Amino acid sequence: TKVTPWCTIFLVAGALTAHTLVLYGNLTTSRMLGSVGQSTQGWSNVGMQLAGSLLEDLEPAMATTATYLTSSIEVVEQIQKSTDVVLTMSGSTTDSALEHINKVASNMTGVEDIKAQVMDAIRTVVHHLMDKITPLINKFLELMRPALDKMQEWLTTFGGKIQAHLEEFGATMDKAQKMFDQVMAQASPAAGLNADVMVYNTFTLFDSDNSGEVQAGDLQEVSGIFGIPALSGDKPKQLVKKYDADGGGGLDEEEFANFVEDPAIPGIMAVVLRKYAKTLATIGGQVKAAKKRDEVAVATVNYLTLVCAKNHTRVEWIAQAFTNGSLPLKFTSSVLKELAQNQDNPNAMGSVDVGADVVGAMLELGPDHIVKMMKLVGSAAWWDSEGFDVDEMPSTLASLAGWLAASDTGKQVLEDGLGLDDGGSKDDLVSAAYRVGKEQSRKFSSDKAGGHAEDAAALYASQCAQVLRDRLLGGTAAAAAGRDEEGASAIKGGKMALPATLEFARWLSFNATSTSNLRNNEAAEYMGTTSSALQAFATEVNGMVSKTQNLLNLISTYASPHGVDRLVNQSLEFVKDATEDVVIVCEDYVDSRFAALECELNIGTCNATLASPDWVKHGIQDLNLELTGAFAFITDTLHDLKVVLPPALKNMKYARKEVTSLSHGLSSVMTVLGLKAPPLFAQLSEIVKTVWVAYYVLFFTLTVAMLLYGFWASGWFGGPQVHDDDGGYQAPTGVVGRLRAVRGACCACFSKCGDTALCFWSAIILMEILVLVLFLITIAVCILGGVKAFLAAGCSQVYILGDNTICTTAMVMLRTFLKTFDVGGVDVSDLCTTEKLMTCQVIKEEAMAGLLLAIFGAVVATLLSMQMVVEMAILHERAYYSRKSLALAKEK
């Protein structure tokens, strides 16, 4: 009798529905992983474009502004000197005219007419002299106006509101990148496979003294250089002792390979290599951005200091460039001087004496060229012309002598370059070089001070000139006010590099940047992540903003709209009114001299007070003259600028370094992210999809098989039948018979399993195992759901990643901050959706939507599948007794 197995039908329908929910939920997870991969590509594009815009927009603007300010300092000094010349010549002209009148005083008639003639002559001279200052004032405004306009723009750009947005954006990039890294670290299939490459590239970084083995002292130095607390204290000694298999006191490469796998210092190779690569990228950026000779020289020494211990071949390449005459002598001499001053740099990566290695290589390749360099470095006049501190000359020459005196060739260089006796010992030569530098710097400083004194004596020699100085400048010469070596150093040190030097800088930048990218890729392959856990863009953004704020705070008085207008107005008022002030003071001076002359010759009314010598010399300062105050531009404004601009330039140099560091650090990490993350997330998406489709096909097949069994056990498809006895075993004959025997043997367990209780209950046990597997899958889905929920919860405070309006506002802010910020030509208002930057929204909408369905479906599928197993047992019993009944009936 056929019976419809409604219970089985409902159980199967429910189980299939539950399995479908699990499939749908996990296909949503697959889509989510694909979308996250697209999001990683989007953030990579944004990060790389931001890095590029920093170099294309902000860094060149800072460099141009620095050039304007440097030139402005030079023009300020020219204006001050010209002012002194104008007042000196005006005073001298006035005194000369009055001296001539004194000679013809006995024949003098018509005093007022003569006075008028004198003043006309003085006025003509003063106008002529002041006309020479006007072009300087115009040049001053041409330089200062664009510089101040740019800094006025930065006052807004780096204001509190934009600064908060920048800090939040930096934190957002950190959050997004670290979220991607968490997944990549767990899912990257190739992580750790390039360990041998990592060992090869980091061994020389740990071997800081280049001794060929890593010792405890090397590890302590690495701890300080790279900031690794796990290698501080006695830990290095313990680790070296633990892995020093041969007891030699140090680790060779094989022992080092075991050491870096110690659980106390996880990922130590990647941490060190990434910091090395970041520093190298920063130096590459600084070299590329450098346009002035001293900037390229400093960046070159930083490069040499970083790579010397790791790659001596590159040191030889650079030494060859320094000695073959392809680079300007003044540049190579500057590098030599910087190497000597960098000898005791506490931030140097390693204890290798870089200067000794470089100078040694140069001695082998071109000692004659070093002689020329030493002659320049040994000249105090060259030091001053380059804006270097002459007081540092003795110690610099002593350091160079210490390197050169190590060989006979070097001693000959010292004799030819500095005039030292090459027969002395190393210590004697070092001492002699120091004395030469000391004598040179002392003599130069003395001559320079004498020159200033002579210049000061030549100025304001006449009495009227002194009166003009006292009344208009407050008693101090314009050029003497605010005189400092820092301003002079800023002017002289701002010399543009020659084309050959810039070409060398481009090669050095390319080498540093490409090597940095290669090392970052190796670390990413080894760890499966794009950056170290402690690396934070937000910190670097804050550093850049902080340095720029320091610059703007120094010059905010002049960079504000009111400050710019006031500076321009004061400049124009000086051009317009300064002549009149000079004439007014000269006229009062002439009046006093004529009063004295009238008293002396008893002409007219004698004003004894006005004619007294003390009044002429001192009392004029107390006269209530109606001056315009134009000379406040010289005494106040230019004096303040001369004090403010040099430290502002120094802060701008620091700000440029921060911009370069942020740009190259960002570019390095985001390049790796764009290369590694999208294909990895796409692969994960395909794996998840394949696994869950296979899961669905398997359980769909099993569930449908149970449904078919339920119908068969209920009498459908022929139902349970009694099998006739096969009459015993008969041996097969022929090839066809044998093939039939094989088929029958293979299918016997299926065709007659209903008669064998043991076989069925074995199948029941198998089904129980499958149910247990299904239950484990349910647990896995729940855990996966918990991870998704955790990631979603971590997004709750990062609003840019989850809200289109906030994300778009941030992109618009970046466009306001950097005019060249343009990601693939996409409109900035559509950038967040086009590049899928809202990672948290992707996780919440796609992952959380399928999470509940997957968990609910997995739990329900497990329960229904267990119930189906029970139902199959019942159907089996029904089929078994149906067969028994049929068998009994057949026997009767």
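The structure displayed is predicted, hence computed values, not measured ones.

Caption draft 1: The arrangement of the overall build of the protein chain in detail. If you tally the helices and strands in the protein chain, you get 31 helices and zero strands. Each of the 892 residues in the protein chain was classed as buried or not, and the buried ones make up 48%. The long-range share in the protein chain, meaning contacts at least 24 apart out of those at least 6 apart in sequence, stands at 84%. When the accessible surface of the protein chain is split by element, carbon and sulfur atoms take 57% of a total near 40,700 Å².

Caption draft 2: Just the nonpolar core, in detail. Leu58, Phe140, Met151, Trp154, Phe169, Phe574 and Met811 are the most contacted members of the largest nonpolar core, which totals 126 residues. Broken down by element, the residue count for this core peaks at 25 residues, all from helix α26 (residues 632-713). Not counting residues within four places of it along the chain, the set of residues in contact with Phe574 comprises Thr83, Met130, Ile133, Ile137, Ala630, Phe631, Phe633 and Ile634. Membership of the second largest hydrophobic core comes to 88 residues, among which are Phe203, Met269, Val315 and Leu429.

Caption draft 3: Up close: the packing of aromatic side chains. Under the counting rule described, the total for this entry stands at 19 aromatic pairs. An aromatic cluster of three or more residues is present, and its members are Phe203, Phe206, Tyr243, Phe256 and Phe259. The ring of Phe388 has Lys337 lying over it, and the distance from NZ or CZ to the ring centre is 3.8 Å. The ring of Tyr460 has Arg469 sitting right over it, with the charged end atom 5.4 Å from the ring centre.

Caption draft 4: Here's a closer look at the packing of helix α6 (residues 216-226) against helix α7 (residues 235-243). In the contact formed by α6 and α7, the axes pass within 8 Å of each other and the chain directions differ by 135°. The angle between the axes of α6 and α7 places the two elements in the oblique class. Judged by the sense of rotation from one axis to the other, the crossing of α6 with α7 is right-handed. Note on element contacts: α7 touches α6 through Pro236, Lys237 and Val240, opposite Ala216, Leu219 and Gln220. Residues of the contact of α6 with α7, tallied by class, amount to four nonpolar, one polar and one charged.

Caption draft 5: Representation of the environment of Leu273 within the structure. One can find Leu273 in helix α9 (residues 268-289). Overall, the relative accessible area of 0% leaves Leu273 in the buried class. Along the backbone, Leu273 and Met198 are 75 residues apart, and their C-alpha atoms lie at a distance of 8.3 Å. Here Leu273 is in contact with Met198, Asn201, Thr202, Leu205, Arg519 and Glu522, once residues within four sequence places are set aside.

Caption draft 6: Geometry of the side chain of Asn194. Along the chain, the position of Asn194 falls in the loop between α4 (160-187) and α5 (195-206). Within polar-contact distance, the side chain of Asn194 engages the backbone nitrogen of Tyr526 at 3.4 Å. Sequence-distant contacts of Asn194, defined by excluding residues within four places in its chain, comprise Glu522, Glu525 and Tyr526.

Caption draft 7: Quick look at a negative patch on the surface. The grouping of Asp246, Asp252, Glu253 and Glu254 at the surface amounts to a negative patch. Turning to its location among the elements, Asp246 is positioned in the loop between α7 and α8 (253-259). Here Asp246 falls in the exposed class, since its relative accessible area comes to 56%.

Caption draft 8: Broad picture of the state of the cysteines. Scanning the model with the defined rule gives one disulfide in all. With a sulfur-sulfur separation of 2.0 Å, Cys807 is cross-linked through a disulfide to Cys832. For the disulfide bridge between Cys807 and Cys832, the dihedral angle about the S-S bond is near -95°, and by the sign convention the bridge is left-handed. Residue Cys807 is found in helix α29 (residues 804-817), and its partner Cys832 is found in helix α30 (residues 831-834); the two are separated by 25 residues along the sequence. Sulfur of Cys464: no disulfide; nearest cysteine sulfur belongs to Cys586 and is 4.2 Å away. For Cys464, a relative accessible area of 0% puts it in the buried group.

Analysis parameters
- Residues numbered from 1 in each chain as written.
- Predicted model: local features only at pLDDT ≥ 70, side-chain atom pairs only at ≥ 80, totals over all residues.
- Heavy atoms only, no water.
- Helix = DSSP H or I, 4+ residues; strand = E, 2+ residues; numbered from the N terminus.
- Buried < 20%, exposed > 50% of the residue type's maximum accessible area, 1.4 Å probe, protein only.
- Contact = heavy atoms within 4.5 Å.
- Areas by Shrake-Rupley, 256 points an atom, 1.4 Å probe, with all protein chains shown as cover.
- Core = buried A, V, L, I, M, F, W, Y, C linked by side-chain atoms within 4.5 Å.
- Phe/Tyr/Trp six-rings, centres within 6.5 Å; stacked < 30°, edge-to-face > 60°.
- Lys NZ or Arg CZ within 6 Å of the ring centre and 35° of its normal.
- Axes fitted to C-alpha atoms, helices over the stretch in contact; angles between N-to-C directions.
- Parallel < 35°, antiparallel > 145°, perpendicular 65-115°, else oblique.
- Left-handed = near helix turned anticlockwise from the far one by under 90°.
- Nonpolar A, V, L, I, M, F, W, Y, C, P; charged D, E, K, R; others polar.
- Polar contact = N/O pair within 3.5 Å; in protein donor to acceptor, adjacent residues only side chain to side chain.
- Patch = residues over 30% accessible without salt bridge, like charges linked within 9 Å, V, L, I, M, F, W, Y side chains within 5 Å.
- Salt bridge = Lys/Arg side-chain N within 4 Å of Asp/Glu carboxyl O.
- Lys, Arg positive; Asp, Glu negative; His and termini not counted.
- Charge placed at Lys NZ, Arg CZ, Asp CG, Glu CD.
- Disulfide = S-S within 2.5 Å.

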